[in-house]
Amino acid sequence: MTMHRLSSLALALGLAVFPVAALAGIPEPVTPPHQTWSFEGPFGQFDQKSLQRGFMVYDRVCSTCHGMKTLTYNDLRGIGMSEQAVLELAHSKMLAGPPDASGQPTMRAAQPDDHFRSPFPSDEAAAAMMGGVAPPDQSRLAVIQPHGADWLYAFLTGYRMPPPADAPVVPGKFYNDWVDGHLIGMPPPLMNGIIQYPDGTPATVEQQARDVTTFLVWASDPHRNARHRIGMWTVLYLVALLALAIAWKKKIWKRVKAQ
Amino acid sequence: MTTPENMGNHSADAAETEGLAAWIDRRLPVVSAFRSEYVDFRLPRNLNWLWNFGAILTAVLLLMLATGIFLAMNYTPTNAGAFLSVEAIDRQLSGGWLLRAMHMTGANLFLAALYIHLFRGLYYGSYKAPREILWLTGLLLLVMVMATAFAGYMLPWGQMSYWGADVITKAVGAVPLIGTALEHVMTGSDHLGDVFLHRFFVLHFLMAFLVVAVVGLHVVAIHVSGSNNPLGIEPKTKKDTLTFHPYYTTKDLVGLIIFALIFSLLMFFWPNLLAEPSNYTPADPMHTPADIEPEWYFLPFYGLLQSVPSKFGGLVAAAGSIAVLFFLPWLDRSPIRSARFRPVCRAGLFGLVIAFVLLALGGKHHAEGVWMLIARLAGLYYFGYFLVLLPLASRREKTRPLPASISAAQGDA
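Residues numbered from 1 in each chain as written. Chains lettered and ligands numbered in written order. Predicted model: local features only at pLDDT ≥ 70, side-chain atom pairs only at ≥ 80, totals over all residues. Heavy atoms only, no water.

You'll find chain B entered in an unreviewed UniProt entry as Cytochrome b, with Acetobacter conturbans given as the organism. Listed in UniProt under the heading Subcellular location (unreviewed entry), the comment for chain B reads: "Membrane". Taken from UniProt, the Sequence similarities (unreviewed entry) comment for chain B reads in full: "Belongs to the cytochrome b family." (UniProt positions renumbered as here; feature names shortened; annotations may be inferred.)

A separate point is the domain arrangement of chain B. Residue and element names in this part refer to chain B. When its domains are assigned, chain B resolves into domain 1 (35-292) and domain 2 (293-408). The partner domain 2 presents 40 residues to the 52 residues of domain 1 that form the contact. Taken over both partners, the interface formed by domain 1 and domain 2 buries close to 4100 Å², and the fraction arising from carbon and sulfur atoms is 67%. On inspection of domain 1 and its partner domain 2, the count reaches two salt bridges. A salt bridge links Asp-332 to Lys-128; the nearest nitrogen and oxygen atoms lie 3.1 Å apart. Scanning the region where domain 1 abuts domain 2 turns up 18 residue pairs in polar contact (both at pLDDT 80 or more). Mapped onto the side of domain 1 that touches domain 2, the elements with two or more residues apiece are helix H6 (96-123), helix H7 (132-154) and helix H8 (159-173). Residue contributions to the side of domain 1 that touches domain 2 peak at 10 residues, all from H7. (Domains from an automatic or database assignment. Contact = heavy atoms within 4.5 Å. Buried area = accessible area lost by both parts, 1.4 Å probe. Salt bridge = Lys/Arg side-chain N within 4 Å of Asp/Glu carboxyl O. Polar contact = N/O pair within 3.5 Å; in protein donor to acceptor, adjacent residues only side chain to side chain. Helix = DSSP H or I, 4+ residues; strand = E, 2+ residues; numbered from the N terminus.)

For the structure on display, the rule yields 41 aromatic pairs over all chains. Taking 4.9 Å as the distance between ring centres and 70° as the angle between the ring planes, the aromatic pair formed by B:Tyr297 and B:Phe298 counts as edge-to-face. Each member of the pair, B:Tyr297 together with B:Phe298, is buried. One aromatic cluster in this structure is built from A:Phe55, A:Tyr58, A:Tyr73, A:Phe116, A:Phe215 and A:Trp218. It is A:Arg53 that lies over the ring of A:Tyr197; its NZ or CZ is 5.6 Å from the centre. Directly above the ring of A:Trp253 sits B:Lys251, whose terminal nitrogen or CZ lies 5.3 Å from the centroid. (Phe/Tyr/Trp six-rings, centres within 6.5 Å; stacked < 30°, edge-to-face > 60°. Buried < 20%, exposed > 50% of the residue type's maximum accessible area, 1.4 Å probe, protein only. Lys NZ or Arg CZ within 6 Å of the ring centre and 35° of its normal.)

Residues and elements named next belong to chain B. As recorded in UniProt, the feature "transmembrane region" (unreviewed entry) lies at residues 49-76, 97-118, 133-155, 202-224, 253-270, 312-331, 343-363 and 369-390. From the first C-alpha to the last, residues 49-76 spans 41 Å; its make-up is 75% helix and 0% strand. For residues 343-363, helix accounts for 100% and strand for 0%, while the C-alpha atoms at its two ends are 30 Å apart.

So this is what it looks like as structure tokens:
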């Protein structure tokens, strides 16, 4: 999350400050450098083009190992995908269907209201196949991870190949500046030109990292655009209403003073 | 109000009118009762902005019920389904994110408003005769709202829900003799799962409506005893009072809109200020989070719980910190209500607020290191204020002189 947790308000209430979540399993090294994001701050809005590019990166790269199981294909209407595009995308994914007449497992094409296909049949299977640790689900990753977007971007662009000379070399582990102990089992996911963006944006590692980070933040807070838009109108309305209410109250209370 | 001027002159008005309203009113006096209790009802003329919180709390309670009913329609109280059903409310249910945001922000601001309301009662001595029942029903509401909030926080069944429930059920299990049985009654089985969730879902829903019933008693009590006021002296003549409408309806409206503004700013722009991110990780009995901590509104009690070396002792301290408030009308025997005229009590009360905040900070830091000492001192002060300072001050304190009447104090006499 790029939004700062305003501890000042809690203090103003005379009460305690909230913690930066320290979630088991997610390390918190030093603060990653701050990036400028269109979606940060109280008026921030997601850039739909970036969201769509980011989904491409997620779909082609991340989703081979990471699930995002609380989202449905229909939710992608929120990043500006058309109904037809969502339908085609869903139909291209195969899910486990009901057993057939002889009890054999079957496969079926996904429907728009199906949840995203998980890359592994279960967390246990994922852990077994991925060297003991299941890749975390990405539905709310950007909100759970301390420093959210900034950390995701720093992490995705933080692999060093070859690793620094003084770094320990462990087979099957990769060097990254932004994880605890600098070693991680996840190989560098992004490479220059690994995908081609249909809108012609050069698919550099940095660009892909920016786009997929934007998509992950959207996935963890899909209604942010509407929330900020509705919020702005609500606040403006309440301010106008407050002005009227204060005027009315003053008019009424004048009688008391005149008494 | 018990002032003789305003008694028995409104039912006559309603009886004179013809038509359906009058017909109903002769059989069930809802029209005239509303008129006498919410239109012509007389309140002290000097109520300040702290008296807005009664109306604010009523509004938040109604909002919680309205949003809660629709959330309940889409919630699944099972170990496997709870987290996912809340995610589905947030993501796929049309307008669900807004319902849930209102309910979450509402819960936080409900407790915040309740603490301010309680502080106002302490500061202006609203617990003293003839308002003891008003005070006791209010405290009962505090306890019920806290229980409802705790049960509600379990429902999303994230990591903090699960491990919060774990801490509390184990604390209950530390009660001598009956602890194990009590813990089992709470959890319903050997582990926190389907039975526990289902039970707390029903309790959360049930408690919300019991709160409405007790609010009814609380409101009846205030309409019998009348509102206290910043001077803490009873209105003597009509000049000391104003009618509820239009004076306090317009004042409450301003207070409600300001509150709605704060509510909206938090809900729309800074939602993460009030939400614990790790509760967006599904409950996992195999992974204890590094930092288990309750919502901010429970932190002072969590501080007491942790600053006492014995688990049961901590539980007694935390429960006792609320229980002592029930005895307040009989601990503080001073005839002067408002702290404005009680210099010792006033200073002591600000100390109490500081102790409450320090306890919260102690709870946040798990009463580790220096926080253990701070939390213990703050806890001692908290109990010392009620059990030693207040009873002594009511006898020895040199109070400031009270004004002759409310209107005299405002210079209108």
